[in-house]
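# Understanding the architecture of this molecule
Take a look at the letters that make up each chain.
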Amino acid sequence: MVLDLFKSRRRARLRAKPVPKAWRAMLERNLPVFHRLTSEDQNELLSHVQVFVAEKHFEGAGGLTLTDEIKVTIAAQACLLLLHRETDYYPELTSIIVYPTSYISDEQRYLGGGLWEEGSEHRLGHTGERLGAIVLSWDDVRHGASEPHDGKNLVLHEFAHQLDFENRNADGTPVLQTSGDYRAWARVMSHEFEALRDALEAGDDTFLDDYGATNPAEFFAVITEAFFERPRALRRNHPALFMQLQRFYQQDPTSYSLEPVGAY
Ligand SMILES: [Zn+2]
């Protein structure tokens, strides 16, 4: 209790600190959706970035020298998932490890029909339950931010996993508010997840990335990317899914997304 009070006071002080001018410029350069947010949301996002950058331990790997630009570009995308919500700033996460480019790692990929493909792959990013860390490739962080409507965003993907871990299970369900919310979430998500698997097994084209069929945790990360980057298309193709995400994320990215109108 005392610790919580101490923590919330410290965070309130961090949020109230003047934002370095250079940070705003970095976001205007690296994060095209930033200038589309209302000024209220921009300020809220920047105040979250202040807390995030102060509390998380950033580490450069593979010869990468960390800069404020790297920290702020990662933090702002991570904090986009926290807007308008009560948040404890990814409490399971202590470190963010950043490589200059993609790195090699063992990977499993679900092919459908009970088949998995295994092998070494170039990884762009990774996080794991109880790992306390997120690993990211700076090239791919930058690329994901600069293409805001291709439905792919590494930082949103990995931080969606962190939100999923907050209920102690990597099961595709983050912490929701009421038991009714949990029931509605389970009903919609299990239906949509099975529908994606069935469509892939039938060889149909799907709006959602097939990586989402890997398991419910990847499904949540993939639909989070779609929600923020292709919200209009998601709303049209999967309205029930869109509603669940809108309720959870407490925002409607159709109001600021750069997704071209009529492109779906
Ligand atoms: Zn993932």
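Up top is the structure.
A few points on the structure. (Residues numbered from 1 in each chain as written. Predicted model: local features only at pLDDT ≥ 70, side-chain atom pairs only at ≥ 80, totals over all residues. Heavy atoms only, no water.)

## A look at the sheet that holds strand β6 (residues 133-137)
Condition: Two strands qualify as a pair provided that DSSP identifies no fewer than 2 bridges between them. Runs of E in the DSSP output that reach at least two residues are strands. Runs of H or I that reach at least four are helices, and both are numbered from the N terminus. Orientation is described by axes fitted as lines to C-alpha atoms, over the contacting stretch for helices, and by angles from 0 to 180 degrees between their N-to-C directions. Contacts are assigned to residue pairs with any non-hydrogen atoms lying within 4.5 Å of each other.
Pairing is mixed in the open sheet, where four strands are placed in the order β1-β2-β6-β5. Because the sheet does not close on itself, it has two edges, and the strands there are β1 (57-60) and β5 (125-127). Strand-to-strand twist in this sheet, taken as the mean axis angle between neighbours without regard to direction, amounts to 15 degrees. One ladder, built from four bridges, connects β1 with strand β2 (residues 95-99); its direction is parallel. Directly across from Gly60, in β2, lies its bridge partner Val98. Packing of helix α4 (residues 68-80) onto the sheet brings it into contact with β1, β2 and β6, and relative to β2 it is tilted by some 120 degrees. Sitting on the sheet, helix α5 (residues 138-146) is in contact with β2 and β6, with an inclination near 75 degrees to β6.

## A look at unusual backbone geometry
Which entries qualify depends on this criterion: Only protein chains enter the calculation, and the probe is 1.4 Å; a residue is then buried if its accessible area is under 20% of its type maximum, exposed if over 50%, and partly exposed in between.
You will see that Tyr90, though not glycine, has its phi angle at about 50 degrees, which is positive. In this fold, Tyr90 is placed in the loop between α4 and β2. Residue Tyr90 is classed as buried on the basis of its relative accessible area, which comes to 1%. For Gln250, which is not a glycine, the phi torsion comes out positive at approximately 55 degrees.

## Considerations on helix α2 (residues 21-30)
Selection criterion: The arc in question is the one traced by the directions running from the helix axis out to the C-beta atoms.
Every buried residue of α2 is accounted for by Trp23, Met26, Leu27 and Asn30. Taken around the axis of α2, the buried residues stretch over an arc of 95 degrees, which confines them to a single face. In α2, the exposed residues that point more than 90 degrees away from the buried face are Lys21 and Arg29. Those residues of α2 that are buried lie in contact with α3 (39-55), α4 and α5.

## Some words on the layout of surface pockets
This is how it is decided: Here a cavity denotes a set of grid points, spaced 1 Å apart and computed over the protein atoms alone, in which a 1.4 Å probe fits but from which it cannot get out, and a pocket denotes an open set meeting protein on both sides within 12 Å along at least five of seven lines; residues with an atom within 4 Å of a point are reported as lining. Grid points are joined across faces, edges and corners, and a volume is the space filled by probe spheres set on the points. Following the grouping adopted for this structure description, the nonpolar residues are Ala, Val, Leu, Ile, Met, Phe, Trp, Tyr, Cys and Pro, the charged ones are Asp, Glu, Lys and Arg, and the polar ones are all others, Gly among them.
Each pocket or cavity is described by its volume, and for the second largest pocket that value is around 660 Å³. Considering the residues around the second largest pocket, the lining is formed by 24 residues, among which Arg85, Glu86, Val175, Gln177 and Phe248 are closest to the centre. When residues of the lining of the second largest pocket are traced back to their parent elements, those giving at least two are α1 (2-16), α7 (179-201) and α10 (239-249). When its residues are assigned to classes, the lining of the second largest pocket shows 10 nonpolar, six polar and eight charged.

## Details of helix α8 (residues 216-229)
Stated precisely, the cut-off is as follows: One less than the number of residues in a helix, times 1.5 Å, gives the span that helix is expected to have. Throughout this description, a polar contact denotes any pair of N or O atoms lying within 3.5 Å of each other; where both atoms belong to protein, one of them has to be capable of donating a hydrogen while the other can accept it, and for residues adjacent in sequence the pair is counted only when both atoms sit in side chains.
Given a rise of 1.5 Å per residue, 14 residues ought to cover 20 Å, and the 20 Å separating the end C-alpha atoms of α8 matches this to within 8%. Burial runs high along α8: 13 of the 14 residues are buried. Between the side-chain oxygen of the N-cap and the backbone nitrogen of Ala217 there are 3.0 Å, and the N-cap of α8 in question is Asn215.

## What about the coordination of the zinc ion?
Put simply, the ideal angle at a metal is 109.5 degrees for four donors in tetrahedral geometry and 90 or 180 degrees for six donors in octahedral geometry. The test is simple: Coordinating donors are taken to be N, O and S atoms lying within 2.8 Å of the metal, or within 3.2 Å when the metal is Na, K or Ca; because water is excluded from the atom set, some sites may appear incomplete.
For the zinc ion, the full set of protein donor atoms is His157 (NE2), His161 (NE2), Glu218 (OE) and Glu218 (OE), and the range of their distances to it is 2.0 to 2.7 Å. Site description for the zinc ion: donor spacing in sequence, H-x3-H-x56-E. Residue His157 and its partner His161 are located together in helix α6 (residues 154-165), separated by four residues, close to a single helical turn. As far as the burial class goes, His157 and His161 line up, both buried.

## Structural notes on the nonpolar core
Nonpolar side chains in soluble globular proteins generally cluster together in the buried interior. Let me state the cut-off plainly: Here, the term nonpolar core denotes a set of buried Ala, Val, Leu, Ile, Met, Phe, Trp, Tyr and Cys residues that are joined through side-chain atoms within 4.5 Å.
By size, the foremost hydrophobic cluster in this structure holds 65 residues, and its most contacted members are Phe52, Ile74, Tyr90, Ile96, Phe159, Phe220 and Tyr249. The biggest single contributor to this core is α4, with eight residues. If near-sequence neighbours (up to four positions away) are discounted, Tyr90 is found in contact with Phe52, Lys56, Ala78, Leu81, Leu82, Phe159, Gln162, Leu163 and Glu166. Counting five residues, the second-largest nonpolar core is a separate cluster that includes Ala61, Ile97, Tyr103 and Val135.

## Observations regarding the packing of aromatic side chains
Our working definition: The pairing test for Phe, Tyr and Trp rings, Trp by its six-membered ring, is centres within 6.5 Å, and the orientation test on the planes gives stacked under 30 degrees, edge-to-face over 60, and tilted for anything in between. To sit over a ring, a charge needs its Lys NZ or Arg CZ within 6 Å of the ring centre and within 35 degrees of the ring normal.
Counting across every chain of the model gives 14 aromatic pairs. Measuring from ring centre to ring centre gives 5.8 Å for Trp185 and Phe220, while their planes differ by 65 degrees; the resulting arrangement is edge-to-face. Placement of the pair is Trp185 in helix α7 and Phe220 in helix α8, with a sequence separation of 35 residues. Phe220 matches Trp185 in its accessibility class, with the two residues each being buried. Geometrically, the ring pair formed by Phe248 and Tyr249 is edge-to-face, given 4.7 Å between the ring centres and 65 degrees between the ring planes. The pair formed by Phe248 and Tyr249 is uniform in burial state, with each residue classed as buried. When the ring centre of Phe248 is taken as reference, the NZ or CZ atom of Arg85 above it lies at 4.4 Å.

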